[in-house]
Amino acid sequence: ARLGVNGKAPLKKGEFVYAANYLYRGTNSNDISLGDRMTILASFQKELQNSYGHFVYEDGLFSGYYFKNSIGSAVISNSNEFSTSLFAGFGYYFSNNLRFDVTLPVSVYKRDGWLTDYSVYLQIDYSLKAQN
């Protein structure tokens, strides 16, 4: 079960996008109590339209805390984690409903370490309501 709030606010040169979520994970089929998760996101998005198409630039901050997992009353060590990442990426609208994104997040802090890793995220979003 997930409880969250998200939205966006217009800025002079783009939009401020925000989200905060709490995810209750419960117990899995192996009777492991999965730790809940809390996350926040804050980003800036700028839409760019030109003769090549409709693009989006985005950069921001993502932070999360993962609570400890447990089996019965025994806590699983190293199953909790706090992390904060900075990210930047581009998106391309194939249509008003379909968007493809490439994002590069770099961890600033993760489980007692600084600048420990980076990733590349590929994402496809389909919106049931067409974007203008």
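Please refer to the structure higher up on the page.
Description of the structure in this document. Remember, predicted model here, so these are calculated numbers, not experimental data.

What counts as what
Residues numbered from 1 in each chain as written. Predicted model: local features only at pLDDT ≥ 70, side-chain atom pairs only at ≥ 80, totals over all residues. Heavy atoms only, no water. Pairing = 2+ DSSP bridges. Helix = DSSP H or I, 4+ residues; strand = E, 2+ residues; numbered from the N terminus. 1 Å grid on protein atoms, 1.4 Å probe; cavity = no way out; pocket = protein on both sides within 12 Å on 5 of 7 lines; lining within 4 Å. Points joined across faces, edges and corners; volume = space filled by probe spheres on them. Nonpolar A, V, L, I, M, F, W, Y, C, P; charged D, E, K, R; others polar. Salt bridge = Lys/Arg side-chain N within 4 Å of Asp/Glu carboxyl O. Buried < 20%, exposed > 50% of the residue type's maximum accessible area, 1.4 Å probe, protein only. Phe/Tyr/Trp six-rings, centres within 6.5 Å; stacked < 30°, edge-to-face > 60°. Lys NZ or Arg CZ within 6 Å of the ring centre and 35° of its normal.

### Observations regarding the sheet that holds strand S7 (residues 74–75)
Phase 1 of the analysis: Here we have 3 strands laid out as an open sheet, ordered S3-S6-S7, and antiparallel in their pairing. If you trace the sheet from one side to the other, it starts and ends with strand S3 (32–33) and S7, each paired once.
Phase 2 of the analysis: Relative to S7, strand S6 (residues 70–71) runs antiparallel, the two being bridged by 2 bridges. Looking at the pairing, Ser70 lines up with Val75 of S7.

### Some points on the pairing of strand S5 (residues 53–66)
Phase 1 of the analysis: Pairing geometry for strand S4 (residues 37–50) and S5, over 14 bridges, is antiparallel. Looking across to S5, one finds that Lys46 is bridged to Tyr57.
Phase 2 of the analysis: Note: S5 against strand S8 (residues 81–93), 13 bridges, orientation antiparallel. Bridge pairing in S8 places Gly60 opposite Phe87.

### Brief notes about the pairing of S4
Phase 1 of the analysis: Alignment of strand S2 (residues 14–23) against S4, held across 9 bridges, turns out to be antiparallel. Its bridge partner lying in S4, Leu23 is registered against Arg37.
Phase 2 of the analysis: The hairpin turn running from S4 into S5, its antiparallel successor, is 2 residues long.

### Remarks on the layout of surface pockets
Phase 1 of the analysis: The space that makes up the largest pocket amounts to roughly 1100 Å³.
Phase 2 of the analysis: Lining of the largest pocket is provided by 41 residues; of these, Leu41, Gln45, Glu58, Phe87 and Gln123 occupy positions nearest its centre.
Phase 3 of the analysis: Mapped by element, the contributors of at least two residues to the lining of the largest pocket are strand S1 (2–11), S2, S4, S5, S8, strand S9 (98–110) and strand S11 (121–126).
Phase 4 of the analysis: Among the elements that make up the lining of the largest pocket, the one with the highest residue count is S9 (7 residues).
Phase 5 of the analysis: Counted by class, the lining of the largest pocket contains 15 nonpolar, 16 polar and 10 charged residues.

### Considerations on the pattern of salt bridges
Opposite charge on two side chains lets them pair, provided their charged atoms get close.
Phase 1 of the analysis: By the definition in use, this model includes 2 salt bridges.
Phase 2 of the analysis: Between Glu15 and Lys8 there is a salt bridge, with the nearest N and O atoms lying 3.8 Å from each other.
Phase 3 of the analysis: Here Glu15 falls in the partly exposed class, since its relative accessible area comes to 22%.

### Here's the deal with the environment of Ile76
Phase 1 of the analysis: Here Ile76 shows up in the loop between S7 and S8.
Phase 2 of the analysis: For the pair Ile76 and Leu34, spaced 42 residues apart in the sequence, the C-alpha separation amounts to 9.8 Å.

### Quick notes on the packing of aromatic side chains
Phase 1 of the analysis: This model, assessed by the stated rule, comprises 6 aromatic pairs.
Phase 2 of the analysis: Ring geometry for Tyr57 versus Phe90: centroids 5.4 Å apart, planes at 55°, classification tilted. One end of the pair, Tyr57, is in strand S5; the other, Phe90, is in strand S8, and 33 residues separate them in sequence.
Phase 3 of the analysis: Looking at Tyr57, the relative accessible area reads 26%, which means it is partly exposed.
Phase 4 of the analysis: Ring pairs connect the aromatic residues Phe55, Tyr92 and Phe94, which therefore count as one cluster.
Phase 5 of the analysis: A cation sits over an aromatic face here: Arg37 above Tyr66, 4.3 Å from the ring centre.

Shape is all these values report; function is a separate question.
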